[in-house]
Amino acid sequence: MSATPTMSTAPARPGSGSSSAADVVRLDPNRHVPGVRQPGFAQVLHAEWVKFWTVRSTRWSLGLLFALGAGLTTLVCWAAATDLAAGDTGEAPAAFLTWGLLFSQLTALALGTLVVTSEYGTGMMRATVTAVPRRGRVVAAKVVVLTVVLFVAGVVTAVAGYLGGNWFLDREGVGLALSDDGVLRALLGNGLYLAGLGVFALATGLLIRHTAAALTVGMALVLVVGNVAYALPGTWGEWVAKLLPGNAGGAVAQVAPFNGGAVLAPWTGFGVFVAEVAALLLVAVLVFRRRDA
Amino acid sequence: MIVARGLTKTYGPKTAVDHLSFTVGPGRVTGFLGPNGAGKSTTMRMILGLDRPTSGSVTVNGRSYAASPAPLREVGALLEARALHPGRSARDHLRWLAASNGIPRTRIDEVLDLVGLEAVAEQRVGRFSLGMGQRLGIAVALLGDPPVVVLDEPVNGLDPEGIRWVRNLARELAGQGRTVLVSSHLMSEMALTADHLIVVGRGRMLADCSMADFITEHASSYVRVRSPRVSDAEALLRGNGLDVDRLDDELRVRGRNAAEIGELLGGAGLYVHELALVQSSLEDAFMTLTADSVEYATHPAETAGAVR
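If you're wondering where the values come from, they're calculated on a predicted model, not measured in any experiment.

S.K.: Quick question: what am I supposed to make of the overall build of chain A here?
M.R.: Along its length, chain A carries 10 helices and zero strands. In chain A, the order of α-helices and β-strands from amino to carboxyl end is α-α-α-α-α-α-α-α-α-α. Expressed as a percentage of the 293 residues in chain A, the buried residues total 48%. Relative to all contacts within chain A whose residues are 6 or more apart in sequence, the contacts with residues 24 or more apart total 78%.

S.K.: Just checking my understanding: could you explain the sheet that holds strand β7 (residues 179-184) of chain B for this structure?
M.R.: Consider a sheet: its strands pair through backbone hydrogen bonds, and that pairing is either parallel or antiparallel. All names here are of chain B. The strand order across the open sheet built from six strands is β5-β6-β7-β3-β8-β9, with neighbouring strands paired in mixed fashion. Among the strands making up the open sheet, the edge pair consists of β5 (75-78) and β9 (204-210). Looking at each pair of strands side by side, their axes are set apart by 15° on average, direction ignored. Alignment of strand β6 (residues 148-152) against β7, held across five bridges, turns out to be parallel. Looking at the pairing, Val148 lines up with Thr179 of β7. Contacts from helix α7 (residues 211-218) reach β8 (196-201) and β9, with the element oriented near 115° to β9.

S.K.: Teacher, can you tell me more about helix α1 (residues 41-53) of chain A here?
M.R.: In an α-helix, one turn spans 3.6 residues; hence positions three or four apart end up facing the same way. With 13 residues, α1(A) ought to run about 18 Å at 1.5 Å a step, and its terminal C-alpha atoms sit 19 Å apart, in line with that. Inspection of α1(A) places Gln43(A), Val44(A), Ala47(A), Glu48(A), Val50(A), Lys51(A) and Phe52(A) among the buried residues, and these make up the whole buried set. Taken together, the buried residues of α1(A) touch α2 (56-86), α3 (101-122), α4 (124-131) and α5 (135-171) of chain A together with α2 (90-100) of chain B.

S.K.: Help me understand helix α4 (residues 130-142) of chain B, please; the structure alone is not making it clear to me.
M.R.: All names here are of chain B. Taking 1.5 Å per residue as the helical rise, α4 with its 13 residues ought to reach 18 Å, and the 19 Å between its terminal C-alpha atoms agrees with that figure. For α4, the buried fraction is high: 11 of the 13 residues fall into the buried class. Restricting attention to buried positions, one finds in α4 the residues Gly131, Gly133, Gln134, Arg135, Leu136, Gly137, Ile138, Ala139, Val140, Ala141 and Leu142. Against the buried residues of α4 lie β5, α2, α3 (106-115), β6 and α5 (160-175).

S.K.: Please explain the side chain of Thr42(B) as it appears in this structure.
M.R.: Positionally, Thr42(B) belongs in helix α1 (residues 40-47). Among all residues touching Thr42(B), those that are not within four sequence positions of it are Lys9(B), Tyr11(B), Ala16(B), Val17(B) and Asp51(B).

S.K.: I tried to follow the domain arrangement of chain B on my own but got confused; where do I start?
M.R.: Reports often express the size of an interface as the amount of accessible area lost when the parts come together. What the domain assignment lists for chain B is domain 1 (2-217) and domain 2 (221-279). Each of domain 1 of chain B and domain 2 of chain B was reduced to a C-alpha centroid, and the two centroids are 47 Å apart.

S.K.: Would you mind showing me how to read a nonpolar patch on the surface here?
M.R.: Residues and elements named next belong to chain A. On the surface, a nonpolar cluster with roughly 450 Å² of combined accessible area is contributed by Phe41, Phe66, Val144, Val148, Val152 and Val156. Considering the arrangement of structural elements, one finds Phe66 in helix α2. Here Phe66 falls in the partly exposed class, since its relative accessible area comes to 38%.

S.K.: Is there a simple way to explain the sheet that holds strand β1 (residues 2-11) of chain B in this structure?
M.R.: All names here are of chain B. As summarised here, the arrangement of the three strands in space is β2-β1-β4, forming an open sheet in which the pairing is antiparallel. Edge positions in the sheet fall to β2 (14-24) and β4 (55-60), since each of these pairs with one other strand and no more. Looking at each pair of strands side by side, their axes are set apart by 20° on average, direction ignored. Summarising the sheet, β1 and β4 pair through five bridges and their orientation is antiparallel. From the neighbouring strand, Arg5 faces β4, where its bridge partner is Ser57. Seen against the sheet, α1 touches β1, β2 and β4 and runs at an angle of roughly 120° to β1.

S.K.: Explain the packing of α2(B) against α4(B) to me, please; I cannot follow it from the model alone.
M.R.: Relative orientation and spacing of two packed helices are given, respectively, by the angle between their axes and the distance between those axes. Residue and element names in this part refer to chain B. Put simply, α2 and α4 touch, their axes get as near as 10 Å, and they point 20° apart. Compared by their axis directions, α2 and α4 come out roughly parallel. The element α2 and its partner α4 pack so that their crossing is right-handed. Seen from α2, the contacting residues are Ala90, His93, Leu94 and Leu97; seen from α4, they are Leu136, Ala139 and Val140. Broken down by class, the residue content of the contact of α2 with α4 amounts to six nonpolar, one polar and no charged.

S.K.: Quick question: what am I supposed to make of the packing of aromatic side chains here?
M.R.: For any pair of aromatic rings, the description rests on two quantities: the centre-to-centre distance and the angle between the ring planes. All names here are of chain A. Tallied over the entire structure, the rule returns eight aromatic pairs over all chains. Ring centres 5.1 Å apart and planes at 85° place the aromatic pair Phe52 and Trp53 in the edge-to-face group. You can call Phe52 buried: its relative accessible area is 7%. According to the relative accessible area criterion, Trp53 is partly exposed, its value standing at 26%. With a centroid separation of 6.2 Å and an interplanar angle of 85°, the aromatic rings of Trp267 and Phe270 are classed as edge-to-face. Within this pair, Trp267 and its partner Phe270 are both found in helix α10 (residues 266-290), separated by three residues, close to a single helical turn. One aromatic cluster is present, built from ring pairs that chain together Tyr193, Trp267, Phe270 and Phe273. Between the NZ or CZ atom of Arg135 and the centre of the ring of Phe288, over which it lies, the distance is 5.8 Å.

S.K.: Honestly, the packing of helix α6 (residues 183-208) of chain A against helix α7 (residues 211-228) of chain A in this entry has me stumped. Any pointers?
M.R.: Residue and element names in this part refer to chain A. It is at 9 Å that the axes of α6 and α7 come closest, and there the two elements cross at 135°. Here α6 is positioned oblique relative to α7, judged by the angle of their axes. Crossing of α6 against α7: the hand is right-handed. Each of Tyr193, Leu197, Phe200, Thr204, Gly205 and Ile208 in α6 lies in contact with α7, whose residues at this interface are Ala213, Ala214, Val217, Gly218, Leu221 and Val222. A class-by-class count of the residues in the contact of α6 with α7 yields nine nonpolar, three polar and no charged.

How each quantity is defined
Residues numbered from 1 in each chain as written. Chains lettered and ligands numbered in written order. Predicted model: local features only at pLDDT ≥ 70, side-chain atom pairs only at ≥ 80, totals over all residues. Heavy atoms only, no water. Helix = DSSP H or I, 4+ residues; strand = E, 2+ residues; numbered from the N terminus. Buried < 20%, exposed > 50% of the residue type's maximum accessible area, 1.4 Å probe, protein only. Contact = heavy atoms within 4.5 Å. Pairing = 2+ DSSP bridges. Axes fitted to C-alpha atoms, helices over the stretch in contact; angles between N-to-C directions. Expected span 1.5 Å × (residues − 1). Domains from an automatic or database assignment. Patch = residues over 30% accessible without salt bridge, like charges linked within 9 Å, V, L, I, M, F, W, Y side chains within 5 Å. Areas by Shrake-Rupley, 256 points an atom, 1.4 Å probe, with all protein chains shown as cover. Salt bridge = Lys/Arg side-chain N within 4 Å of Asp/Glu carboxyl O. Parallel < 35°, antiparallel > 145°, perpendicular 65-115°, else oblique. Left-handed = near helix turned anticlockwise from the far one by under 90°. Nonpolar A, V, L, I, M, F, W, Y, C, P; charged D, E, K, R; others polar. Phe/Tyr/Trp six-rings, centres within 6.5 Å; stacked < 30°, edge-to-face > 60°. Lys NZ or Arg CZ within 6 Å of the ring centre and 35° of its normal.

What follows is the structure in structure tokens.
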């Protein structure tokens, strides 16, 4: 702490006149506002945490994530339970326990994109990099905040969806226990996959910088291209489909895959997905560091 | 202290900032003046590490902005365009900024109070008027109690009372020994605020001098003379080596003051009907100075060629 005067005592209120000569002081360039600490990564993380929770889009996205993920799973299980029990659907009941993921992943994409593009859209990014010129740190802090929040939200949503959906499946005698193969893995996997997807969207946002364009690209790649790729002919077509981020990463979040879409083994697929997201993030960080803000 | 050396920024074939070298010293308000598009904002963005110079360098307190461990405590900046999220409250905006640089939360109330926004601190800034937005921007700039303050067009959107407040604040900050750089495209504003002037046009340095020197050098003055024998008066004055322009029956004389000219004419027995010192305003001086830089721009092909 320093004894040098700070601005706080200056009578510079609007409308008040000019200062007296007594205010003239020599400033020590290394002085501090009382009580400041040397900022490190923890401070940047704290700043990003405050930013994350002080805009409405965060609550909206997370609310929607839960409503779509848990709500739709429950709803679809209720609707399909009888058919599933009768074996009319040709699908395993286990596949329906994370049905809502199909839509909740959209909100994870939106949240990840907005964490970056809302800053570009509003000019906030200039304030961000003036406060923290080490841009790699900014991205790292955003990634930590986003992954932690999406992981928790994803697991909570998946557990709620499982409890709701399985209640209806249980009534028809086709429910799954938590100890059954793949159930716990899928519940945790929901959190992991949504967190990864959020980072994927964040990287896309850093590269594209426009909300609408980045969202479109992210959703098109994960949903549209991911599904269309299954129409590609031959073995190589199947591999392309399997390796696309949404398909590779999604497997870990499902108790069992739906028929008709070949997927990699859950953890293999997730490994591929993480590698893809990491590569994209690396490119995004390198571009972000070089580019004018 | 801000030091720029050969600072240059090009966007494709366009040179926004062209080899600017200047020093912004502590304890005074330095006005950064130039018409729109002169490269002021680009220069300020380079000072703050937002834009990367094409060549040259700029340092703040001896090192580049990005090398500062806690930049908000070293340089406070008001950016030209609003750099905030409209959905966030003023207090929350200051909260994350304070957090990022390890500034205690108590300082947030101090700066809100300082700029007079304490009553609307919880409101979302999207609802703020232009003037309130500027006040918040100044609160941001002062958050870290920085020894260097950079204000880009701070009076934009402010009412007369707000303009006076910013003017006094800038002078007060400089009076405390801080380095204060204020950009504007209004000479009249700078005339009341700045001790030192840096004038740019088309990215080039046009003047870097004290306000007093600027007035002497660029705000040209002349003595207007009217006389019934205007031709004789003109011949006499020219004969004494003075610089004389004739407009109909009016003479514009440079190089001597009115008393000397009057004595010269009186000594020769010439009646004088009018003898008046005409001082052009700083605004005119600025216009004249920057008009040259606009003329320079009428040959864009040359500029483009020089860059490639």
